[in-house]
Amino acid sequence: MALSIDYTNMFLPGAVTDADWEFAAGRFRAAHAAVMARVARGDLGFVDLPEDAALLRQTTDFVQRAGDRWEDVVILGIGGSALGPIALRTALRPHAWNTLSREERGGKPRLTVLDNVDPETIDAVMSRLHLERALFVVISKSGGTAETMAQYLIIRAALDERFGDRAKEHLVFVTDPAKGSLRPIATKEGIAALDIPPNVGGRFSVLTPVGVLPAALIGIDAGQLLAGAADMRRRCAGDDLAGNPAGTFALLQWLADDRHGKHNHVLMPYADPLRDFAAWFVQLWAESLGKVRKDGTHVGPTPIAALGTTDQHAQVQLFMEGPADKTITFVEVAGRTALGPIPKLYADVPDLAYLGGHSLGELLDAERRATAGALARRGRPNMTITLDAVDAWHVGALIFLLELATAYAGALYDIDAFDQPGVELGKQFTYAILGRPGSDAARAEWDQLPKPDPRRRV
Ligand SMILES: O=P(O)(O)OC[C@H]1O[C@](O)(CO)[C@@H](O)[C@@H]1O
């Protein structure tokens, strides 16, 4: 079991230099110390999750009690309360899990994540479900996010109508133990509730019951997820960059952005199961690092999700010849051997003949190496994270690597990576528009905005 990062191609003319790297080793030591000081103060609970056996037990006990009762598990959540479960499902139960028969799923339920409030999507999901055999997992760290609460109200009314007093058997909440509206509802009504520790923010919560409960319900080995994360935590314990993968990732991305104008950071797995992992990373990197510094300057790299080889035929033209403002991080999975060699047909057609005898895994790998090399040749910095396999252990390790890298990057950018004040104004305006009590100030601010000008509509 191994995860490694090859960052040779980050050191290119116009990108990171040896002098940067030497200077930055000291800067990284300071960032590591700052992060560890916050860990010691108990601020950064995500770092302790790999070893939190009591929290894991909340999930395993619940799953054991559930037995094989559920045909469908439906997650209600958004942002960090949805992207993690989606990423885990796609990574570890790929190949259209929800379309398989119950036997093919080994008796485990389907997993649907409602991560939006599009009425047609929710209507379509509701009309497909057999409510008797459906469990709804309501996930919200704050216990009050408008989208998730609206989803809950719709589901709750449907459950009440069908099951009356037994509605609560179809519900479990995953939320902060002390804050928000969900926890008191759970306590009052006797609804099962699992914890998101108070010191773990939404986008860092995938290794709490937020991600671990849905994963375990569909048979993913939650212990292995945490074991992979624990291994990465051990590797990142020291402030020597040579042994610290999260530090290396964070420092290189920061140097490339801060010193060399590489303001866009692409994550491009060459493995379909990691497609949604890139979307999870986008929230983590964007919401954590897009901030205003104390001195009023605005910072934050823009994360971009891509997929190899698919995006070689979509975004790579931009990465190669567009503005030289990007880094590209490939994720490669070693030894993709399924299907065996490509059949040798059409020996007389050059466009087809050369492919015969190679495997699809070889083609995928050749295309990644070729793209990395082509980008390097054009001075476009890139690195490659290699996983031995897409399994629970490696996914747990990769999650922890990127979460800790985000914490380091926050210290390097000199911002707080753990808040998200920029999303507040939009929320307040939504409350004002919908008439939530207490939103008068937001209403007044909203009313001052220019109204749509009919002359400016085509
Ligand atoms: O889990 P909650 O509290 O419902 O929040 C959902 C998402 O909303 C945000 O607070 C703001 O977008 C995210 O940080 C979070 O992941």
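Refer to the structure above for everything that follows.
Residues numbered from 1 in each chain as written. Predicted model: local features only at pLDDT ≥ 70, side-chain atom pairs only at ≥ 80, totals over all residues. Heavy atoms only, no water.

Engineer: In this structure, what is going on with the packing of aromatic side chains? I would like to understand it.
Structural biologist: Aromatic rings in a pair are described by how distant their centres are and how their planes are angled relative to each other. Per the stated rule, a full pass over the model turns up 15 aromatic pairs. When the ring of Tyr7 is compared with that of Phe11, the centres are 6.2 Å apart and the planes differ by 45 degrees; the resulting orientation is tilted. On the basis of relative accessibility, which here comes to 25%, the residue Tyr7 falls in the partly exposed class. Ring geometry for Phe249 and Trp285: centres 5.6 Å apart, planes at 70 degrees, overall edge-to-face. Taken together, the residues Phe249 in helix α9 (residues 245–260) and Trp285 in helix α10 (residues 275–289) connect sequence positions 36 residues apart. Neither residue differs from the other here; Phe249 and Trp285 are each classed as buried. Counting every residue linked through ring pairs, the aromatic cluster contains Phe46, Phe204, Phe400 and Phe418. Looking at Arg93, its charged tip hangs above the ring of Trp97, at a distance of 5.4 Å from the centre. (Phe/Tyr/Trp six-rings, centres within 6.5 Å; stacked < 30°, edge-to-face > 60°. Buried < 20%, exposed > 50% of the residue type's maximum accessible area, 1.4 Å probe, protein only. Helix = DSSP H or I, 4+ residues; strand = E, 2+ residues; numbered from the N terminus. Lys NZ or Arg CZ within 6 Å of the ring centre and 35° of its normal.)

Engineer: In this structure, what is going on with the sheet that holds strand β5 (residues 171–175)? I would like to understand it.
Structural biologist: Neighbouring strands of a sheet are bound in pairs by backbone hydrogen bonds; such pairs are parallel or else antiparallel. Spatially, 5 strands are ordered β3-β2-β4-β5-β6 in an open sheet, and the strand pairing comes out parallel. Pairing within the sheet leaves two strands with one partner each, and these edge strands are β3 (110–114) and β6 (192–195). With direction set aside, neighbouring strand axes in the sheet form an average angle of 20 degrees. In the sheet, strand β2 (residues 72–76) pairs with β3 via 5 bridges, with the strands oriented parallel. (Pairing = 2+ DSSP bridges. Axes fitted to C-alpha atoms, helices over the stretch in contact; angles between N-to-C directions.)

Engineer: Can you walk me through the environment of Arg65 in this structure?
Structural biologist: As for its position among the elements, Arg65 is in helix α2 (residues 53–66). Exposure remark for Arg65: the relative accessible area of 62% places this residue in the exposed category. Through-space distance from the C-alpha of Arg65 to that of Arg456 is 59 Å; in sequence the pair is 391 residues apart.

Engineer: I keep staring at the packing of helix α3 (residues 80–92) against helix α7 (residues 209–217) and nothing clicks. Help me out?
Structural biologist: The relative placement of two packed helices is expressed as an angle between their axes plus a distance between the axes. One can describe the packing of α3 onto α7 by two numbers: an axis separation of 8 Å at closest approach and a directional angle of 40 degrees. Between α3 and α7 lies a crossing of right-handed hand. Of the residues in α7, those touching α3 at Gly80, Ser81, Pro85 and Leu88 are Val210, Gly211, Pro214 and Ala215. A class-by-class count of the residues in the contact of α3 with α7 yields 5 nonpolar, 3 polar and no charged. (Left-handed = near helix turned anticlockwise from the far one by under 90°. Contact = heavy atoms within 4.5 Å. Nonpolar A, V, L, I, M, F, W, Y, C, P; charged D, E, K, R; others polar.)

Engineer: Can you walk me through the pairing of strand β11 (residues 326–333) in this structure?
Structural biologist: Two faces make up the sheet, and in a regular strand the side chains alternate between them. Within β11, 8 of the 8 residues are buried, which leaves it mostly tucked inside the rest of the structure. A two-sided burial pattern is seen for β11, the buried positions comprising Lys326, Ile328, Phe330 and Glu332 on one face and Thr327, Thr329, Val331 and Val333 on the other. Sheet topology note: the strand β7 (residues 264–269)/β11 ladder contains 6 bridges and is parallel. Note that in β11 the partner of Val266 across the bridge is Ile328. With 6 bridges joining them, β11 and strand β12 (residues 382–387) adopt parallel strand pairing. Opposite Phe330, over in β12, you have Thr384 as the bridge partner.

Engineer: Even after reading the chapter, I still don't get the site of the ligand, so can you show me in this structure?
Structural biologist: Around the ligand, the structure places 14 residues, and the nearest of them are Ser81, Ser140, Ser142, Thr145 and Glu287. In the model, an oxygen atom of the ligand is placed 2.7 Å from a nitrogen or oxygen of the Glu287 side chain. Against a free-state accessible area of 390 Å², the protein chains account for coverage of 88% of the ligand. Counting residues per element, the ones that place at least two in the shell around the ligand are α3 and α10. (Near = heavy atom within 4 Å. Polar contact = N/O pair within 3.5 Å; in protein donor to acceptor, adjacent residues only side chain to side chain. Areas by Shrake-Rupley, 256 points an atom, 1.4 Å probe, with all protein chains shown as cover.)

Engineer: It is not clear to me how the sheet that holds β12 should be interpreted in this structure. Could you clarify?
Structural biologist: Across the sheet, which stays open at both edges, the 5 strands sit in the order β1-β12-β11-β7-β10 with mixed pairing between neighbours. Sheet topology places β1 (3–6) and β10 (302–305) at the edges, where each strand pairs with a single neighbour. Averaged over all pairs of adjacent strands, the angle between strand axes in this sheet comes to 20 degrees, irrespective of strand direction. Contacts from α9 reach β1, β7, β11 and β12 within the one sheet, and its direction differs from that of β11 by about 150 degrees.

Engineer: Quick question: what am I supposed to make of a nonpolar patch on the surface here?
Structural biologist: Taken together, the side chains of Leu345, Tyr346, Val349 and Leu352 define a hydrophobic patch exposed on the protein surface, amounting to about 380 Å² of accessible area. When you line up the elements, Leu345 lands in the loop between β11 and α12 (350–353). By relative accessible area, which is 53% here, Leu345 ends up exposed. (Patch = residues over 30% accessible without salt bridge, like charges linked within 9 Å, V, L, I, M, F, W, Y side chains within 5 Å. Salt bridge = Lys/Arg side-chain N within 4 Å of Asp/Glu carboxyl O.)

Engineer: Just checking my understanding: could you explain the pairing of β7 for this structure?
Structural biologist: A large share of β7 lies buried, amounting to 6 of its 6 residues. Residues Asn264, Val266 and Met268 line one face of β7 and the alternating positions His265, Leu267 and Pro269 line the opposite face, and both faces are buried. Sheet analysis places β7 next to β10, joined by 4 bridges and oriented parallel. Within β10, the position partnered with Val266 by the bridge is Ile304.

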